Amino acid sequence: ARIDQLSAEVRALMAAASRQGTVVVREGGSGTTGKLMLLVIPGVGIYMYIKGYGFSDVAWVSRARFTQAVTAIGIAQDTLSKSLAAFREAVGKRLMEFQEQVEERLGGLARGQERLEGQVSEVHTSVGTMQGRIEDVGMDMRGLSRKLDDTQAQLAYTSRGIHLLCSVVSENM
């Protein structure tokens, strides 16, 4: 596409230059082997330079050069394919190693979580047992408090009875 564009621009320049007096020299010789030589096309070189084109952009490509270029591209493509295959293999290997490490760590976390859940369950059971014991001690304390209240009431009653008995005895004496 770039060469087609350049070709069209060169044709336009040549048409414009022909109005300005392009000089073409033809060497004489035998009529069959005459050569046509282009000496001056005003502005073509400057135009190409301004547009960023070089001689290599419009140079003739021979069959041998084209074959060499295709061969070089083929070799580069093979090298690139091999490099990509090696890269893909290395990345795949690293990815598998990473995945194994992640699975190993997740497995360790799962085992740790199971142990932690077991310990939490044991603590929960122990707390439940302690709550039951604390409730039993509380009930025992309430029972002892009632017995103590009964005992105090009986002691007060007995004390009043002894006091009355002593009063009766002291009056009779």
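## Observations regarding the overall build of the protein chain
Right, so step 1: What the protein chain contains, in helices and strands, is 4 helices and 2 strands.
Right, so step 2: Helices (α) and strands (β) of the protein chain occur, in sequence order from the N terminus, as α-β-β-α-α-α.
Right, so step 3: The burial tally for the protein chain puts 6% of its 173 residues in the buried class.
Right, so step 4: The long-range share in the protein chain, meaning contacts at least 24 apart out of those at least 6 apart in sequence, stands at 44%.

## Thoughts on a negative patch on the surface
Right, so step 1: A grouping of Glu97, Glu100, Glu103 and Glu104 is seen on the molecular surface, where their side chains present a negatively charged patch.
Right, so step 2: Tracing the sequence through the fold places glutamate 100 in helix α4 (residues 63–172).

## Some thoughts on a nonpolar patch on the surface
Right, so step 1: A surface patch of nonpolar side chains, amounting to about 510 Å² of accessible area, comprises Leu95, Phe98, Val102, Leu106 and Leu109.
Right, so step 2: Topologically, phenylalanine 98 is positioned in helix α4.
Right, so step 3: Taking relative accessible area as the criterion, phenylalanine 98 reaches 52% and is therefore assigned exposed.

## Re the confidence of the model for the protein chain
Right, so step 1: Of the residues in the protein chain, 75% reach a pLDDT of 70 or more, and the chain-wide mean stands at 78.
Right, so step 2: By mean pLDDT, the top-scoring element of the protein chain is α4 (90), and the lowest-scoring one is strand β2 (residues 36–40) (37).
Right, so step 3: Here residues 20–40 is modelled with pLDDT under 50, and outside its nearest four sequence neighbours on either side it reaches 21 contacts, counting other chains as well.

Conventions used here
- Residues numbered from 1 in each chain as written.
- Predicted model: local features only at pLDDT ≥ 70, side-chain atom pairs only at ≥ 80, totals over all residues.
- Heavy atoms only, no water.
- Helix = DSSP H or I, 4+ residues; strand = E, 2+ residues; numbered from the N terminus.
- Buried < 20%, exposed > 50% of the residue type's maximum accessible area, 1.4 Å probe, protein only.
- Contact = heavy atoms within 4.5 Å.
- Patch = residues over 30% accessible without salt bridge, like charges linked within 9 Å, V, L, I, M, F, W, Y side chains within 5 Å.
- Areas by Shrake-Rupley, 256 points an atom, 1.4 Å probe, with all protein chains shown as cover.
- Salt bridge = Lys/Arg side-chain N within 4 Å of Asp/Glu carboxyl O.
- Lys, Arg positive; Asp, Glu negative; His and termini not counted.
- Charge placed at Lys NZ, Arg CZ, Asp CG, Glu CD.
- pLDDT = per-residue confidence, 0-100.

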